[in-house]
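Descriptive analysis of the structure
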Amino acid sequence: MNTNIHTSWKRVLKEEFEKPYFKELSHFVDKAYAQSECFPPKNQVFLAFDACPFDQVKVVVIGQDPYHDVNQAHGLCFSVNAGVSHPPSLKNIFKELKEDLGIAIPKSGNLEHLAKQGVLLLNATLTVKAHEAGSHQKKGWEQFTDAVIETISESREGVVFLLWGRFAIKKGRKIDRKKHIILETGHPSPLSANRGYWFGNKHFSKTNAYLNSNGSKVIKW
């Protein structure tokens, strides 16, 4: 697996890439992609890091694993390639954005414009086998993304962590709450949102209010 990601991340994660578990993970990923269809495309596995350099991270959104249908996943959590129908969770994200900030629901579900503004769109597991949700979980990715979150928490200050759903909230244990702000709510999936655990969270306006109060440029969601 090619770990030639943005130099800023390579610098802070150098030791992680050299650990035995990551070498085993790399072997697993290479074999999985050679034997079956997997997502995202191999050259986009680390797109979240390439699109949002370490020194520019202002906001972190934590997803679970990539979309597992054809042409959806491209390395950013909750995001899909332009021209692809919005998955249910992404639809609910856009609905909340409209309710919170009055932003019209876009035609494209590609969220790369957020990454370029300092939003790290991080899945806990970075790869998946086609049509098999969760198929690459517990292979080492979770340990790696825990290290990413801990590195941000330890080395940066004033980052907004948006934790959506129980899985992401558990990842919050790796974050220093004295240095950063954590906003928690239900997952945007219909199962959670339709039970009242997503809509009305106002995470987008709260994020911008916090960034503004710290003298940081707000996100154009």
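Our structure's up above, just so we're on the same page.
This text gives an overview of the structure that appears in the document. (Residues numbered from 1 in each chain as written. Predicted model: local features only at pLDDT ≥ 70, side-chain atom pairs only at ≥ 80, totals over all residues. Heavy atoms only, no water.)

1. Some thoughts on empty space enclosed by the protein
We count it as follows: Within this scheme a cavity is a closed region of a 1 Å grid, computed over the protein atoms alone, that accommodates a 1.4 Å probe without allowing it to escape, whereas a pocket is open but has protein on both sides within 12 Å along at least five of seven lines; lining residues each have an atom within 4 Å of a point. Grid points are joined across faces, edges and corners, and a volume is the space filled by probe spheres set on the points. Strands here mean DSSP runs of E at least two residues long; helices mean DSSP runs of H or I at least four residues long; both are numbered from the N terminus. Classification used: nonpolar for Ala, Val, Leu, Ile, Met, Phe, Trp, Tyr, Cys and Pro, charged for Asp, Glu, Lys and Arg, polar for all others including Gly.
If you walk through the whole model with that rule in mind, you get three cavities of 30 Å³ or more. As a volume, the largest cavity reaches approximately 90 Å³. As for the largest cavity, its lining consists of 13 residues, and the residues nearest its centre are I93, L111, L114, L121 and W164. Secondary structure elements with two or more residues in the lining of the largest cavity: α5 (88-101) and β3 (119-123). Among the elements that line the lining of the largest cavity, the one with the most residues is α5, at three residues. Of the residues assigned to the lining of the largest cavity, the class counts are 13 nonpolar, no polar and no charged.

2. So, the side chain of T151
Condition: Whether a residue is buried, partly exposed or exposed follows from its accessible area with a 1.4 Å probe, protein chains only, as a fraction of its type maximum: under 20%, in between, or over 50%, in that order. We call two residues in contact whenever any of their non-hydrogen atoms come within 4.5 Å of each other.
Relative to the assigned elements, T151 resides in helix α7 (residues 141-155). On the basis of relative accessibility, which here comes to 14%, the residue T151 falls in the buried class. Apart from the residues lying within four places of it in its own chain, the contact partners of T151 are V12, L13, F54 and R156.

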